[in-house]
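Fold and geometry: a report
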Amino acid sequence: MADILNYIWLIPVLPFLAFAAAGTVFIGKPATAAAVSIFAIAISFIISIITAVLVFTSAPGFIYESSLRWLDMPGLRVEMGLLIDPLSALMLLVVTTVALLVQIYSLGYMRDDPGFARYFAYQSVFAGSMLGLVLANNFGQIYVFWELVGLCSYLLIGFWYHKDSAKNAAIKAFITNRIGDFGFLLGILLLLITFGTLSFSQLPNQIGQYSNAAMLLVIGLLLFLGPMGKSAQFPLHVWLPDAMEGPTPVSALIHAATMVAAGVYLIARAFFIFSESAQVMSVIAYVGGFTALFAATIAITQNDIKRILAFSTLSQLGYMVMAMGIGAMTAGMFHLTTHAFFKALLFLGAGSVIHALHDEQDIWKMGNLSGKMPVTTVTFIIGALALAGIPPLAGFWSKDEILSGAFAGSHTILYLLGVFVAFLTAFYMFRLIFVAFFGSNHGGLHAHESPAPMTIPLIILSVFAIGAGLVNTGLTDFAFSRYITVSGLEHHEPVSAVMIISSLVAAAGIFLAWLIYQKQIISAEAIKTKFIPIYNLLQNKYYIDEIYAWAGKNLVLGSSRLFEWLDLKVVNGIVDGLAGFARWSGSKLRLLQNGQIQTYTVYIYVGLIVLLLAAICMSVNAWLI
Amino acid sequence: MIGFQHYLLLAALLFGIGLLGIVFKRNAVALLMSVELILNAVNINLVAINKYVLGGSGLGQLFALFVIVVAAAEVAVGLALIINIYRLKKSSDVDDFNILKW
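Just so it is clear, the structure is predicted and the values come from calculations on it, not from any experiment.

1. Quick look at the overall build of chain A
Looking only at helices and strands, one finds 25 helices and 2 strands in chain A. With the C-alpha coordinates of chain A rotated into their principal frame, the extents come out at 125 × 55 × 55 Å. Within chain A, the fraction of its 625 residues that count as buried is 53%. Sequence-distant contacts, at least 24 apart, represent 79% of the contacts inside chain A between residues at least 6 apart. When the accessible area of chain A is evaluated, it comes to approximately 26200 Å², of which 70% is carbon and sulfur surface.

2. As for the side chain of Ser 398 of chain A
All names here are of chain A. By the secondary structure assignment, Ser 398 is in helix H17 (residues 394-408). Within the structure, the side chain of Ser 398 is placed 3.3 Å from the backbone oxygen of Gly 395, a separation counted as a polar contact. Residues contacting Ser 398, with those up to four places away along its chain left out, are Phe 334, His 335 and Thr 338.

3. Overview of the nonpolar core
Core analysis: the largest hydrophobic core is formed by 197 residues, its most contacted members being Phe 139, Met 333 and Met 429 of chain A. Filtering out sequence-adjacent residues up to four positions away, Met 333 of chain A remains in contact with Leu 87, Leu 90, Met 91, Tyr 265, Ala 268, Met 324, Phe 480 and Ile 484 of chain A.

4. Considerations on the pairing of strand S2 (residues 76-84) of chain A
Consecutive side chains of a regular strand alternate in pointing toward one face of the sheet and then the other. Residues and elements named next belong to chain A. Relative to S2, strand S1 (residues 64-73) runs antiparallel, the two being bridged by 9 bridges. Of the residues in S2, the one forming a bridge with Leu 68 is Met 80. Hairpin connection, S1 to S2: the antiparallel pair is bridged by 2 residues, and Gly 75 has positive phi, about 85°.

5. Observations regarding the side chain of Gln 598 of chain A
Within the secondary structure layout, Gln 598 of chain A lies in helix H25 (residues 597-624). When near neighbours in sequence (up to four residues on either side) are disregarded, Gln 598 of chain A contacts Ile 22, Val 23, Lys 25, Arg 26, Leu 31 and Val 94 of chain B.

6. Comments concerning helix H4 (residues 116-135) of chain A
An α-helical turn contains 3.6 residues, so any two residues separated by three or four positions project in the same direction. Between its first and last C-alpha, H4 of chain A extends 29 Å over 20 residues, near the 28 Å set by a 1.5 Å rise per residue. In terms of residue burial, H4 of chain A counts as a mostly covered element, since 19 of its 20 residues are buried.

Criteria and cut-off values
- For every chain, the first residue of the written sequence is number 1, and numbering continues from 1 onward in sequence order.
- Just so you know, chain letters begin at A and ligand numbers begin at 1, following the order they were written in.
- Given that this is a predicted model, residues contribute local features only at a pLDDT of at least 70 and side-chain atom pairs are listed and counted only at 80 or more, while totals for whole chains, interfaces and linings are drawn from all residues.
- Each side-chain value is derived from all of the structure's non-hydrogen atoms; neither hydrogens nor water enter the calculation.
- Numbered from the N terminus, helices here are DSSP runs of H or I no shorter than four residues, and strands are runs of E no shorter than two.
- Relative accessibility thresholds used throughout: buried, under 20% of the residue-type maximum; exposed, over 50%; partly exposed, between the two (1.4 Å probe, protein chains only).
- We call two residues contacting when some pair of their heavy atoms lies within 4.5 Å.
- Computed with a 1.4 Å probe, the accessible areas rest on the Shrake-Rupley method; for each residue, only the protein chains presented here act as cover.
- Whenever a nitrogen or oxygen atom comes within 3.5 Å of another N or O atom, the pair is scored as a polar contact, on the condition that within protein one atom can donate a hydrogen and the other can accept it, and that pairs from neighbouring residues in sequence are kept only if both atoms are in side chains.
- The nonpolar core is taken to be a set of buried Ala, Val, Leu, Ile, Met, Phe, Trp, Tyr and Cys residues, with the residues joined through side-chain atoms within 4.5 Å.
- In this description, strands pair whenever DSSP reports at least two bridges between them.
- A helix is expected to span 1.5 Å multiplied by its residue count minus one.

This is the structure:
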């Protein structure tokens, strides 16, 4: 069993090989490219399962590390390595499971796309990069793969590059991430300068002996910029809703389940740094909490099925980050795991609907799909119930873990905020369901159920969405909390009051959505007209994009003009002035060199006379003295 | 009584006239003549130094003869050049001989 540890390197390498194969020799053979890609991720999935079984049957502190020297010079040592512990084993399971299911689903969803082989090549390189990130044993390596998944995200958002919106969304995602990644890189470099190592196994000891709180604060905040960009936390969240321009399975895999969770994973992985500074932790907690509320309020008013899910993802990522910030690392990772399954399920369900309706994404043009697409409808409702936090589905247990953490840690504001977000979540998800799947519209008249490659992943994921939460209940003796933890972190027993309140709140959200959108007892139009300023604010996503555009236009262009002036007048002026002086003095001095031998003769004899006179004066002086 | 200083003074005057001629004349023939004046000033000095400093050893006269020979050669070559340039340019003014200047 332990032999499997010798083959762990295959987990990220196989998808990379599949990428090389699918992207080059099989680019003209779509079926072969897809087969190679799915085969590679399937093998990675099997190795991951065996590894996970090994890790989770050992004692909780299991660690296996192997490392190669990649770059070694005085003052800088970068390694490439593999780190297997319960945290990375868990992420391996999540990533390979979702990636495998999404690739199978893509067989159906992307069937008629001319870029089929290219799509699978991108999927493979993403899977390889994400698995490399998960297995990284140091910050240098994590940064390399961090950028690689960012690149894959860019490529896949812009997959349909002939559409301007997709092209712009890809660029927006890349640039926004660049801001966060720049801070992240600075943080890593500061770590390297301060501690001389980037290894996850050596840093905790060093940081334990380090006492400069200001330095730890700066490092913590800079490192947190990385997760802020990648996990789309306010104010770097703007790219994620636009990222929905990519194919829907991509949204499910990258922009819901795995890549955006990399930020949360990084916080968990580097928890020993963040938890050293209370200020950093509260920044993380409030950024997360604010993002959760902010995105949930926007989601209420959106009409695009994928955008609703995108804002829901933002909101749930905010939840996870908030959990990290209040010190409930276990709860954050637990929510990451369950969220990966049910959000991937929701996105794939949405993809199934979009596929059936020939790329229609407006929920008001759907309606009455439940009869035509039974599998999609049932699995989508399961996903929505899990997301809303209805017991005993997965989302209930993980969300409850976070709320218990906030409650027990007496973070009252964040607890109330979390409860309110839970209410909003239930409301907007069931608004979507009542409008799109039931409702009186007849947009779904000619819809048909999707083919088997699409429905089977939906069914498998819905099993996870129902059952994944049970790994951290009394049934398994809270196995999740025992394995995924850090030293000094106490596990809060679930508080039954918290459980009851959050369930009731979720039920109230669903009930309200039912009243408004199914029974239409309360008129949505009346509410909209009554609160039209707030509605407009939410519909336009708090005008953040417009503010950024304004800032980009005025601040960036304004300062650019200032710098242009400085460059042209001051910098260029100095250089031009020097050149002008040289030219002017040259034009004057060249008069001396007129090519007339006679003039030169004058110079020579004038010089001679001057010298003679000087000699005479000196000898007269000497004689006088 | 004419002494050493008078010879040196005459030589200096001749040298000065020759130098001014070189500086201010534009005619190529006049320039050659000015050069001759300077060489003759040197010859006077050589002969005078031979008499008053070296005590009549004859070395000064020897050098003066050399200078006369070199001056004759110089004038021969110089005049040949000037005649050729004059044929080309129809002018003996040195300001017109500027084909090698920028």
